[in-house]
Amino acid sequence: MLNADRNPAAVVLCLFALSACSENAPDPNDPDLLLINGKIITMDAADSIIEAVSIRGGKIVGLGTSSKVKGFAGPNTKIIDLAGSAVTPGLIDAHNHFGWGAADAIFTLNLSYPKVKSIDDVLTLIKSETEARDANEWIIGSEWDAGKFDERRDMTASDLDPISPDHPVWLLHTSAHYGVANSRALALANITSDTADPDGGIIARDDAGNPTGILADQAMNLMFDVTPPYTVLHFDEATTQLVGQLSSEGITTIKDPEIDERHWKAYRRMQSRGDLTVRVFVLWRAPDTVDDAKSLLERIAPFTDPKKKRDDDQLISGGVKIYIDGSGTARTAWVYDEWNKNFTETDEGNFGLTYVEPDILFEQIRLFHKAGIHLGVHAIGDRAIDFTMDAYDKVLGETPTYGLRHSIIHCNIPTDRAMDMMSNLQSSFDAAYPEVQPAFLWWIGDAYAANFGADRNPRVLPLKSFKQRGIQWAASSDYNVSPFAPRYGIWASIARQTLFGTHGTHPYGTDESITVNDALRSYTTWAAHQVFLEDKIGSIEAGKYADIVVWDRDPYSVSTEELKEMKALLTLSNGKIVHRDAAFD
Ligand SMILES: [Zn+2]
């Protein structure tokens, strides 16, 4: 019976033995839509490439040669001739802050490259905002990156103050792990030289001890307390406006890893209107104390079980996210050896930070694990990843539960020991999966290379080592840290090349490059596993949802460089066209 899902011949055979096959194999007759004459990269277990697929009621019902599949057509069947175009399963972005990112994109001043290439460009934009707004009105910006500025340095309040004496300004770095405030904003947040660093946060200071305006990790909360908050309506408006852009890049499913009640309500509103044209699997952000974590657990446990049967698979409350450490761009990830800076210098005494006390982090991991909740744990530094692996190992030993699929989000520089543990825990408990962002190597790769430094760089995102050790991982963008288009991540998994080549084109080397097939796996079947939908999406097989993308070029035959330019011509979600490029008629 299993073969009936994979083998077109077996599907045909089922027609003559309907009673034996009716449970799993769908009836291929009279489909709504046929895609024929394609190069359909199914990503099934055998890596089958076929010509045609048929769809009915939102599901894939038949596969095979064009002539065979055409034989099932009925009077109402629509036929699309792909004329040789390559087709893949809909792509899955396993870590995409779509709620936050879309709101930032719509409601804040965008400071990303290439619109902004220097601190001067930022100042010009802020200046015109001050002219357009009343004094005292907040100016909020996002997505800047010092690694892409001509000046190659962070901004400080002293850059912003001369052009914005009357307006409070807060500009969030693209990592969302730090930002810069001007003096007016610092004053509104009561941040002075006397303000102590909060746990898990840093208020950057000059030699005289005065705040420079840079606030990292938990210190950003001081600013979030005074800036105008987003509402459900903001998130609803922004995600509704941008969801089509996901489809236009071939994304049909995302894992949104840091939501609260507002995002959940916004997604539910979209779903009830029929606007949620991607699948969304969410993780709730764990609060900072064990007591607050218990309250969150109580609230979400009744509807947070990704294995439970649902009416549809469009919006799934999947689990919880916990932060262990900071970021590689702010040099706040938790590492064994001091951070570097400017590639060759040492950031003396800086080993990064943990978001809250490690004991509390462990208690939170234990709490959610014991309750049977899927966990995504943010861990970038080698020490944070070891901590996470030890915690997973311990709680799985205490409460052995197979199939919760706890992840290591980012997993940037795992030790050999951590990788050994991942490989063991994956096979013994179906847990400890890296959820990585290959496009980091490119988009924030110059700043990253400067901070991790020459010795550590070759160990950053060791995808080939994962593969060699039998570790399965899922790929993602971490939007809006990097752009969400999976083509960038697919390309970067192979090219491992930075945007500017500030510290050489390949500071990470290419020893850890992988194949196109593995890169596609990390955005399809392997990512499907991390949203608990591997039986329903991630490959083009009979019975699965018809989440399918037609591309303008074949990822298996183009040059590595061209992978970055791949264009989705047609995107289907549940068998419906949710994106159609003008070039595709
Ligand atoms: Zn993230």
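Up top you'll find the structure we're talking about.
Overview of the structure. For every chain, the first residue of its written sequence is number 1, and the numbers climb from 1 along that sequence. With pLDDT at 70 or above as the cut-off, local features in this predicted model cover only qualifying residues; side-chain atom pairs require 80 or more to be listed or tallied, and sums for whole chains, interfaces and linings still use all residues.

1. A closer look at the overall build of the protein
- Where helices and strands are cited, they refer to DSSP runs of H or I of at least four residues and of E of at least two residues respectively, numbered from the N terminus. Helix and strand content of the protein: 22 helices and 26 strands.
- Each radius of gyration reported is based on C-alpha atoms, and the globular scaling rule is 2.2 Å times the count of residues to the power 0.38. Over its C-alpha trace the protein gives a radius of gyration of 24 Å, about what one expects of a compact globule, namely 25 Å for 585 residues.
- Taking the principal axes of the C-alpha coordinates as reference, the protein spans close to 85 × 55 × 45 Å.
- Counting other C-beta atoms within 10 Å of its own, a residue is labelled buried from 20 upward, exposed at 12 or fewer, and partly exposed in the gap between, with every C-beta atom placed from the backbone. For the protein, the residues scored as buried account for 54% of the 585 residues in total.
- We call two residues in contact if the C-beta atoms placed from their backbones are at most 7 Å apart. Sequence-distant contacts, at least 24 apart, represent 74% of the contacts inside the protein between residues at least 6 apart.

2. Notes on the sheet that holds strand β7 (residues 86-89)
- In spatial order, the strands read β3-β2-β7-β24-β25-β26; together these 6 strands make up an open sheet with mixed pairing. Each of the sheet's edge strands pairs with one partner strand only, and the pair in question is β3 (49-50) and β26 (576-580).
- By this definition, two strands are paired if DSSP reports at least two bridges between them. Inspection of the sheet shows β7 paired to strand β24 (residues 548-551) by 4 bridges, in the antiparallel sense. Its bridge partner being in β24, A86 is matched across the sheet by W551.

3. Quick notes on helix α19 (residues 486-495)
- With respect to burial, α19 is a largely interior element, 9 of its 10 residues being buried.
- If you check which residues of α19 are buried, you get P486, R487, Y488, G489, I490, W491, A492, S493 and A495.
- Looking one or two residues past α19, R496 carries a phi angle of roughly 45°, positive in sign.

4. Focus: helix α20 (residues 516-523)
- Of the positions making up α20, those classed as buried are A519, L520, R521, S522 and Y523.
- Elements in contact with the buried residues of α20: β7, β8 (91-93), β23 (474-475), α19 and α21 (525-529).

5. Some points on the sheet that holds strand β22 (residues 433-436)
- With parallel pairing, 8 strands are arranged side by side in an open sheet as β8-β15-β16-β17-β20-β21-β22-β23. A single partner strand is all that each edge strand has here, and the edge strands are β8 and β23.
- Taken together, the 4 bridges between strand β20 (residues 374-379) and strand β21 (residues 407-410) define a ladder with parallel strand orientation. In the sheet register, A379 faces β21, and the bridge partner there is H410.

6. Considerations on unusual backbone geometry
- In this structure, P114 follows Y113 across a cis peptide bond, with omega equal to 5°.
- Relative to the helices and strands, P114 is located in the loop between β9 (109-110) and α6 (119-132).
- For the bond from Y479 to N480, the omega torsion is 5°, close enough to zero to count as cis.
- Position of N480 among the secondary structure elements: in the loop between β23 and α19.
- The phi torsion at E143 lies on the positive side, around 70°, for a residue other than glycine.
- Counting through the fold element by element, E143 comes out in strand β10 (residues 139-144).
- By C-beta crowding, E143 is classed as buried, having 24 other C-beta atoms within 10 Å.
- Unlike most non-glycine residues, R152 shows phi in positive territory, near 55°.
- On the secondary structure map, R152 appears in the loop between β10 and α7 (157-160).
- By C-beta crowding, R152 is classed as partly exposed, having 16 other C-beta atoms within 10 Å.

7. Topic: the packing of helix α10 (residues 232-248) against helix α11 (residues 261-273)
- Axis lines are fitted to C-alpha atoms, over the contacting stretch for helices. Their N-to-C directions set the angle, which ranges from 0 to 180 degrees. Interaxial distance between α10 and α11 falls to 8 Å at its minimum, and their mutual angle equals 50°. Compared by their axis directions, α10 and α11 come out oblique. Both α10 and α11 take part in a crossing whose hand is right-handed. On the side of α10, the interface is formed by V232, F235, D236, T239 and T240, while α11 contributes R262, H263, K265, A266, R269 and M270.
- Ten residues, namely Ala, Val, Leu, Ile, Met, Phe, Trp, Tyr, Cys and Pro, are considered nonpolar, four, namely Asp, Glu, Lys and Arg, are considered charged, and the remaining ones, Gly among them, are considered polar. Residues belonging to the contact of α10 with α11 are distributed by class as follows: 4 nonpolar, 3 polar and 4 charged. Each angle gets one of four labels, with under 35 degrees taken as roughly parallel, over 145 as roughly antiparallel, 65 to 115 as roughly perpendicular, and the rest as oblique. Handedness of a crossing is defined here by the sense of rotation of the near helix relative to the far one, left-handed for an anticlockwise turn of less than a right angle and right-handed for a clockwise turn.

8. Points about the pairing of strand β12 (residues 178-181)
- Along β12, one buried face is formed by Y178 and V180 and the opposite face, lined by G179 and A181, is buried too.
- Judged from the 3 bridges that link them, strand β11 (residues 169-173) and β12 form a sheet pairing that is antiparallel. Of the residues in β12, the one forming a bridge with L171 is V180.
- Hairpin remark: β11 followed by β12, antiparallel, with 4 residues in the connecting loop; positive phi at A176, about 60°.
- Both β12 and strand β14 (residues 211-217) contribute to a ladder of 3 bridges, which runs antiparallel. Each residue of the ladder has a partner; that of G179, found in β14, is L215.

9. Brief notes about the packing of helix α12 (residues 290-300) against helix α13 (residues 358-370)
- Where α12 contacts α13, the axes come no closer than 10 Å and their chain directions differ by 20°. With respect to each other, α12 and α13 are oriented roughly parallel. In terms of crossing hand, the pair formed by α12 and α13 is right-handed. Residues V290, A293, K294 and L297 of α12 touch α13, and the partners they reach there are I360, E363, Q364, L367 and F368.
- Class assignment of the residues belonging to the contact of α12 with α13 gives a composition of 6 nonpolar, 1 polar and 2 charged.

10. Remarks on the nonpolar core
- Each nonpolar core comprises buried Ala, Val, Leu, Ile, Met, Phe, Trp, Tyr and Cys residues, the members being joined through C-beta atoms within 7 Å. Within the largest apolar cluster, 177 residues are counted, with the highest numbers of intra-cluster contacts made by V53, V87, A181, L215, I322, I324 and A379.
- These domain limits were set by an automatic method or by a database of domain assignments. Two domains each put at least three residues into this core: domain 1 (98-224) and domain 2 (232-535).
- Look past the residues within four positions of V53 in its chain and what remains in contact with it is L35, I40, I60, G62, L63, V69, I540 and I548.

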